[in-house]
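Summary of structural features
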Amino acid sequence: GGARTQCDGKIACTFSSQGGHGGGAELTCQAMAVVLQNFGFLSFGVTDYVSKIHTLHYGAVVAKQPRLDTDKKACHRLGLRLAEWISVFVDNKKHLHPLLTTKKKDQMEKKEAKEKAKDPATEAEATESDPSSKTSKKEEVVERGEKKKVLVFTKATDYVHTSLPAAASWLARELEALGYEAVVTDDGRLLESDGPSQIDFAAIVMVNNSGELFDLKKETLSKHIEQGRGVMGVHATLASFLDGEDAVGATKLKATTSIIQETFGAHFLNHPPPQEATVVVDEEQAKALGLEKLPLRFQHVDEFFNYNRNPIDAGVSVVASVDESTYKGGLMGKSHPVVWHHTLGPRKAKVFYCALGHFSHFYNGLGSPHVGTLLKAGLRHILSNNYPSA
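Owing to the predicted nature of the structure, the values given are computational and were not obtained by experimental measurement.

A few words on the packing of helix α7 (residues 164–177) against helix α11 (residues 370–382). Where α7 meets α11, the axes come as close as 11 Å, and the angle between the chain directions of the two elements is 50 degrees. One finds that α7 runs oblique with respect to α11. Considering the relative orientation of α7 and α11, their crossing is right-handed. Contacts between α7 and α11 involve Trp170, Leu171, Glu174 and Leu175 from the former and Gly372, Leu375, Lys376 and Leu379 from the latter. Broken down by class, the residue content of the contact of α7 with α11 amounts to five nonpolar, one polar and two charged.

So, in structure tokens, the structure goes:
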């Protein structure tokens, strides 16, 4: 009873701040971990090294804010391992076990580094004796999983959806199945011109975002679109860059910039409480996106957003709409799109948006499969010009 029953199904991390390395944070974390174990929490250790002298045996231990690359890598690796173990033990996704995925990739990269360190003369001799060795090396790179990257952008500085981790994890798995590497991050600098990494993303997927996402004077989202590359928005993406915050969602809010509307065709206004409503699917659009098996009408419980304008006025192609006569609080009228797509710029960058997707059970296999079906179609659509070669 008491506190122990309240811990059921919860996840906990221990961390401690310190003024400098060697300040006793490791012992503090260990002591807290013992207390958590007493309350029934499962502890896991990370045997990884993020550099030759930086290990995570006691967790990600850093001094003050993680500024050094090694500190950031340690924090990222700890979070990655936690997400993987949740996938394995909670979601029963055995194929995501670290030894089958990221840990295996680490080992292959170490092996590659050792091979590169070999005597160049020996390598040249091997190439001369086996003309196919260069081709084999290229095939080896493909097998190692060096893939095109897709940004799964999760930054949320105002309202944070509890479904955000589940949605990001689900999207990463689906992108992996399509042959891409998902870069899951909430670091807005990756969408700024002077960011820490100028990764050439094949597409950008924005997930349940809120607040100020990046510096508008340095943003690279527009350039990404100008290059003809795809963008997808999931649920709360339209609720970014607002002039206020309301966790309930009833307050009508205004946009502080036009970039979201310019990208997706509309901006968030407000929403009534989550409730059941009828979603109507456009048969022609369903066929065009490979959604023939999706019911043309289905009952669905979600947050149904109202927008600052009807995206139809931006010339979008509507895939699905919600029937406002079947729920309370809709403000868009007879045509209330919830899933749509369009193209932008001279290079016809593909943009897809799905307003559905508020709850975690849409992403962990416990809820309706329709949101997942629509998002899979969206991913295929925005990447249709970028599928990796076989």
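One open sheet holds the nine strands; their spatial order is β2-β1-β3-β4-β11-β10-β9-β6-β7, and the pairing between them is mixed. Of all the strands in the sheet, just β2 (181–185) and β7 (297–302) have a single pairing partner and so form its edges. Ignoring which end each strand starts from, the neighbouring axes of this sheet average 20 degrees apart. Where strand β1 (residues 149–153) lies against strand β3 (residues 203–207), four bridges are found, and the strand directions are parallel. Residue pairing across strands places Phe153 opposite Met206, the latter belonging to β3.

Two aromatic rings, taken as a pair, are described by how far apart their centres are and by the angle between their planes. The final tally for this structure, using the stated rule, is nine aromatic pairs. With centroids separated by 6.5 Å and ring planes inclined at 85 degrees, the aromatic side chains of Phe362 and Tyr363 adopt a geometry described as edge-to-face. Comparing Phe362 with Tyr363, the two get one shared label, buried. Ring-pair connections join several aromatic residues into one group, and the members of that group are Trp170, Phe359, Phe362 and Tyr363.

Reading the values: rules and limits
- Residues numbered from 1 in each chain as written.
- Predicted model: local features only at pLDDT ≥ 70, side-chain atom pairs only at ≥ 80, totals over all residues.
- Heavy atoms only, no water.
- Axes fitted to C-alpha atoms, helices over the stretch in contact; angles between N-to-C directions.
- Helix = DSSP H or I, 4+ residues; strand = E, 2+ residues; numbered from the N terminus.
- Parallel < 35°, antiparallel > 145°, perpendicular 65-115°, else oblique.
- Left-handed = near helix turned anticlockwise from the far one by under 90°.
- Contact = heavy atoms within 4.5 Å.
- Nonpolar A, V, L, I, M, F, W, Y, C, P; charged D, E, K, R; others polar.
- Pairing = 2+ DSSP bridges.
- Phe/Tyr/Trp six-rings, centres within 6.5 Å; stacked < 30°, edge-to-face > 60°.
- Buried < 20%, exposed > 50% of the residue type's maximum accessible area, 1.4 Å probe, protein only.

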